[in-house]
Amino acid sequence: MKILLVFIFAILPIFAQNQIYTNLSLNKAIEIVKKDNLEINIARFDEKIKSFEHQIATGYNYGKLDLIQYAMRSNDAGNVFGYKLASREANFGDFGAQEFMNNFIITGHPDYITPPNDLNYPAPRNFFQTKLKYKLPIYTGGKLEQYGKITAALTKMSNLDTQKITNEKIYQVKKSYFDVYLLNTYIKNLNIIKANMERLENMASSMIEEGYAKKVDLLEVQAKKSNVLRMLHQAKANKVLVYKFLSFLLNADVKSVQRSYRNITPRHIDAKEIIQSNLDIQKAKLGLKITDMNIKLQESVNLPQVGAFAEYSSADNQFLNNFSKHDAYTIGMQLKWSIFNGGVDKNNIEKARVENLKTKTQVELAKKGIILQVAKIKTEIENFDFSIDSLNKELELSRVIYRNYLGRYQEKLVSINDVIIKQSIEIKKVLKLKETENKKIDKVLELEKIANGAGI
């Protein structure tokens with residue numbers, strides 16, 4: 001039973017990824033894309049990586065404590081004597097004192113030349129040493145402080161990157177919803193034209209039977225109808241592609257969406273609001289702060305660095321034997337100060353200052369560029385609004401004219417070619433209207449993306 005439960009919980013995420021949505025609302029789609037979009041999730045992983053990098057940088061302020069355990073065996077004279085010293089067990093016999101005294105008793109003369117065997121050829125010895133070693137940076141000239149600030153800023157910049165990707169995916173979701181609406185409207189208009197063409201086709205067939213029209217009239221109508229059918233097929237195929245793209249964004253299978261739509265208009269946004277809310281500007285300002293920190297970081301190289309350390313250890317020829325009897329400690333401090341390195345540090349500082357000035361200029365350029373871009377987009381939206389209003393009126397007029405010519409053709413006052421020409425004008429108006437509405441939506445959503453607004 002436990003194995004079955006584990007298996008069920010293991011495969012649940014797989015089924016969750018293949019979830020099917022029908023009649024999905026825009027607000028619900030935005031919630032899903034924020035939670036399940038793969039690119040947004042990857043960006044969140046980058047956020048966590050930057051967060052850990054910040055924790056790593058600040059962690060150096062607390063120093064480093066190591067536990068070191070040695071376990072060795074050697075018959076090297078230097079090692080064996082060193083082992084005995086470390087474990088406080090060295091004696092005069094290690095220097096060959098016994099051999100010296102025995103030789104003195106036998107010969108009556110001290111022998112200072114013959115190398116002592118006990119010192120040079122000692123018996124193998126085990127060495128077990130347990131050591132605690134702690135290092136702490138006391139003063140680094142502000143280097144560690146600046147590292148902490150820079151990594152914190154980079155973490156915040158990663159958060160902004162995630163927000164930017166999220167805004168981009170929300171924009172793509174909204175765009176997909178409006179694409180579906182526009183395609184549905186376009187298909188609806190094409191179906192009206194198709195119905196009109198079928199009506200004209202039936203009328204032409206009837207008039208041929210009555211001898212009032214020629215077969216070529218019917219062929220012209222059928223050719224035009226075939227063109228409309230081709231456009232209708234392309235529109236439906238594009239709609240399928242939009243749903244596939246929406247499914248990719250939501251990491252799920254979207255079958256249909258709610259067709260609620262209202263006229264999309266840009267909300268009022270002034271220049272100050274854009275400068276405050278735009279993510280690219282925020283990133284540029286953050287980058288400027290990082291260059292300020294980098295100047296201080298480079299300047300810290302000219303200041304002294306002070307560190308402290310402490311060691312506590314115990315050694316013996318047996319593991320943890322007589323620990324307190326054989327223990328030892330070492331404490332100390334170190335000061336390090338770079339006096340001269342060929343002007344490298346000075347040039348690094350000047351380089352950091354130039355980068356800071358460059359970033360300041362880039363921030364100002366970005367502000368002015370975005371304000372200009374927003375003004376341009378607003379002008380384009382106004383032009384599109386005017387064009388859409390005009391095209392709607394032109395489309396309505398073309399339909400009235402077409403119906404008028406259809407009636408006149410029935411009365412044999414105009415040719416079939418005249419009727420088809422009027423029908424072609426209506427088709428062109430439908431296409432132009434769709435293209436203009438699509439461009440307007442693109443610009444409105446682009447403006448929203450620049451300002452990082454609350455939504456439509």
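Residues numbered from 1 in each chain as written. Predicted model: local features only at pLDDT ≥ 70, side-chain atom pairs only at ≥ 80, totals over all residues. Heavy atoms only, no water.

## As for the overall build of the protein chain
As a reminder, the rule being used: Helical segments are the DSSP runs of H or I of at least four residues, strand segments are the runs of E of at least two, and each set is numbered from the N terminus. This radius of gyration counts C-alpha atoms alone. The globule rule is 2.2 Å times how many residues there are, raised to the power 0.38. Whether a residue is buried, partly exposed or exposed follows from its accessible area with a 1.4 Å probe, protein chains only, as a fraction of its type maximum: under 20%, in between, or over 50%, in that order. A contact between two residues is defined here by any heavy atoms of the two lying within 4.5 Å. Values of accessible area rely on a 1.4 Å probe in the Shrake-Rupley scheme; residue burial ignores everything except the protein chains shown.
Check the secondary structure of the protein chain and you find 12 helices and 6 strands. Relative to a compact globule of 456 residues, whose C-alpha radius of gyration would be 23 Å, the protein chain shows 42 Å and is clearly more extended. The principal-axis extents of the C-alpha atoms in the protein chain amount to approximately 155 × 65 × 40 Å. When the 456 residues of the protein chain are sorted by exposure, 34% land in the buried category. Taking the intrachain contacts of the protein chain between residues at least 6 apart in sequence as the baseline, contacts between residues at least 24 apart amount to 83%. Carbon and sulfur atoms make up 58% of the accessible area of the protein chain, which totals about 28000 Å².

## As for the environment of isoleucine 420
As for its position among the elements, isoleucine 420 is in helix α12 (residues 416-451). Along the sequence, isoleucine 420 and asparagine 120 sit 300 residues apart, while their C-alpha atoms lie 115 Å from each other.

## Let's talk about a nonpolar patch on the surface
As a reminder of what qualifies: Patch definition: residues with relative accessible area over 30% and no salt bridge; like charges joined within 9 Å; nonpolar side chains (Val, Leu, Ile, Met, Phe, Trp, Tyr) joined within 5 Å. Salt bridges, as used here, are contacts in which a Lys or Arg side-chain nitrogen is within 4 Å of a carboxyl oxygen on Asp or Glu.
Nonpolar side chains collect at one region of the surface, where Leu65, Leu67, Leu132, Tyr134, Tyr312, Phe319, Leu320, Phe323, Tyr329 and Ile331 lie side by side and expose about 1100 Å² of accessible area between them. Breaking the nonpolar patch down by element, the ones donating at least two residues are β2 (64-74), β3 (125-139) and β6 (327-336). In this structure, leucine 320 sits in the loop between β5 (305-316) and β6.

## With respect to unusual backbone geometry
One non-glycine residue, arginine 88, lies in the positive phi region at around 60°. For arginine 88, the location among the structural elements is in the loop between α4 (77-86) and α5 (97-107).

## Let's talk about the packing of aromatic side chains
Selection criterion: Paired rings are identified among Phe, Tyr and Trp, the last through its six-membered ring, by centres lying within 6.5 Å, and are further divided according to the angle between planes into stacked (under 30 degrees), edge-to-face (over 60) and tilted (the rest).
Scanning the entire structure with this criterion turns up 6 aromatic pairs. Residues phenylalanine 100 and tyrosine 112 carry aromatic rings whose centres are separated by 5.6 Å and whose planes lie at 45° to one another, so their mutual orientation is tilted. A residue pair is termed long-range when its members are at least 10 positions apart, and phenylalanine 100 in helix α5 and tyrosine 112 in the loop between α5 and α6 (117-120) qualify at 12 residues. Judged by centre distance (6.2 Å) and plane angle (55°), the rings of tyrosine 312 and phenylalanine 323 are tilted. Residue tyrosine 312 is located in strand β5, and its partner phenylalanine 323 is located in the loop between β5 and β6; the two are separated by 11 residues in the primary sequence. The class for tyrosine 312 is partly exposed, based on a relative accessible area of 33%.

## Some thoughts on helix α10 (residues 279-299)
Worth spelling out the cut-off: Any helix carries an expected span of 1.5 Å times its number of residues minus one. Counting of polar contacts relies on pairs of N or O atoms within 3.5 Å, with two restrictions inside protein: one atom must be capable of donating a hydrogen and the other of accepting it, and residues adjacent in sequence are counted only when both atoms are side-chain atoms.
Its 21 residues give α10 an end-to-end C-alpha distance of 30 Å, which sits within 8% of 30 Å, the value for a rise of 1.5 Å per residue. If you check the start of α10, you find a side-chain oxygen 3.0 Å away from the backbone N of aspartate 280, and it comes from asparagine 278.

## Quick word on the pairing of β6
Where we set the bar: Note on pairing: two strands pair once DSSP finds at least 2 bridges between them.
β6 sits mainly on the outside: 0 of its 10 residues count as buried. Here β5 pairs with β6 via 10 bridges, running antiparallel. The residue of β6 that forms the bridge with alanine 308 is methionine 333.

## Notes on the layout of surface pockets
Formally: Cavities and pockets were defined on a 1 Å grid built over protein atoms only: a cavity is a set of grid points that admits a 1.4 Å probe from which the probe cannot escape, a pocket is an open set flanked by protein on both sides within 12 Å along at least five of seven lines, and lining residues are those with an atom within 4 Å of any such point. Grid points are joined across faces, edges and corners, and a volume is the space filled by probe spheres set on the points. Under this grouping Gly is polar, as are all residues other than the nonpolar Ala, Val, Leu, Ile, Met, Phe, Trp, Tyr, Cys and Pro and the charged Asp, Glu, Lys and Arg.
Each pocket or cavity is described by its volume, and for the largest pocket that value is around 450 Å³. Forming the boundary of the largest pocket are 19 residues, of which Lys135, Leu136, Pro137, Thr140 and Gly307 lie nearest the centre. Counting residues per element, the ones that place at least two in the lining of the largest pocket are β3, α7 (143-209), β5 and β6. Sort the elements by how many residues they give to the lining of the largest pocket and β5 lands first, with 5 residues. In terms of residue class, the lining of the largest pocket is made up of 9 nonpolar, 6 polar and 4 charged.

## Considering the nonpolar core
The nonpolar side chains of a soluble globular protein tend to be buried, and buried together. Here is the rule we go by: By nonpolar core is meant a set of buried Ala, Val, Leu, Ile, Met, Phe, Trp, Tyr and Cys residues that side-chain atoms within 4.5 Å join together.
The biggest cluster of nonpolar side chains holds 48 residues, and the ones touching the most others in it are Leu24, Val173, Leu200, Leu250, Tyr409 and Val419. Counting only elements with at least two residues in this core, the list comes to α2 (26-36), α7, α8 (215-250), α11 (344-410) and α12. With 14 residues, α7 is the largest single contributor of residues to this core. Once you skip the residues sitting within four places of it in the chain, leucine 200 turns out to touch Val221, Tyr402, Leu406, Tyr409, Ile416 and Val419. Judged by nonpolar contacts, the second largest core, of 11 residues, contains Ile281, Ile370, Ile377 and Val444.

## Observations concerning the pattern of salt bridges
Per the stated rule, a full pass over the model turns up 27 salt bridges. Residue lysine 50 pairs with glutamate 53 through a salt bridge whose shortest N-O separation is 3.6 Å. Placement of both lysine 50 and glutamate 53 in helix α3 (residues 38-59) is noted, with a separation of 3 residues, approximately one turn of the helix. By relative accessible area, which is 34% here, glutamate 53 ends up partly exposed. Between lysine 174 and glutamate 448 there is a salt bridge, with its nearest N and O atoms 2.5 Å apart. Residue lysine 174 is found in helix α7, and its partner glutamate 448 is found in helix α12; the two are separated by 274 residues along the sequence. This pair shows no difference in class: lysine 174 is buried, exactly as glutamate 448 is. Several salt bridges share partner residues, and in doing so they unite Lys376, Glu380, Lys443 and Glu446 into one network.

## Some details on the environment of isoleucine 401
Considering the arrangement of structural elements, one finds isoleucine 401 in helix α11. The exposure class of isoleucine 401 is partly exposed, given its relative accessible area of 29%. Measuring from C-alpha to C-alpha, the distance between isoleucine 401 and isoleucine 425 comes to 9.9 Å, with 24 residues separating the pair along the chain.

## Regarding the pairing of β5
Across 11 bridges, the pairing between β3 and β5 is antiparallel. Opposite proline 137, over in β5, you have glycine 307 as the bridge partner.

## A short note on the packing of α2 against α3
The geometry of a pair of packed helices is captured by two quantities: the angle between their axes and the separation between those axes. The line we're drawing: Every axis in this analysis is a line fitted to C-alpha atoms, fitted for helices over the stretch in contact. Angles between the N-to-C directions lie between 0 and 180 degrees. Angle categories: roughly parallel below 35 degrees, roughly antiparallel above 145, roughly perpendicular from 65 to 115, and oblique for all the rest.
For the pair α2 and α3, interaxial distance at closest approach is 6 Å and the crossing angle is 45°. The angle between α2 and α3 falls in the class oblique. In this structure, α2 uses Val33, Lys34, Lys35 and Asp36 to contact α3, whose residues at the interface are Leu38, Ile40, Asn41 and Arg44. Classifying every residue of the contact of α2 with α3 gives 3 nonpolar, 1 polar and 4 charged.

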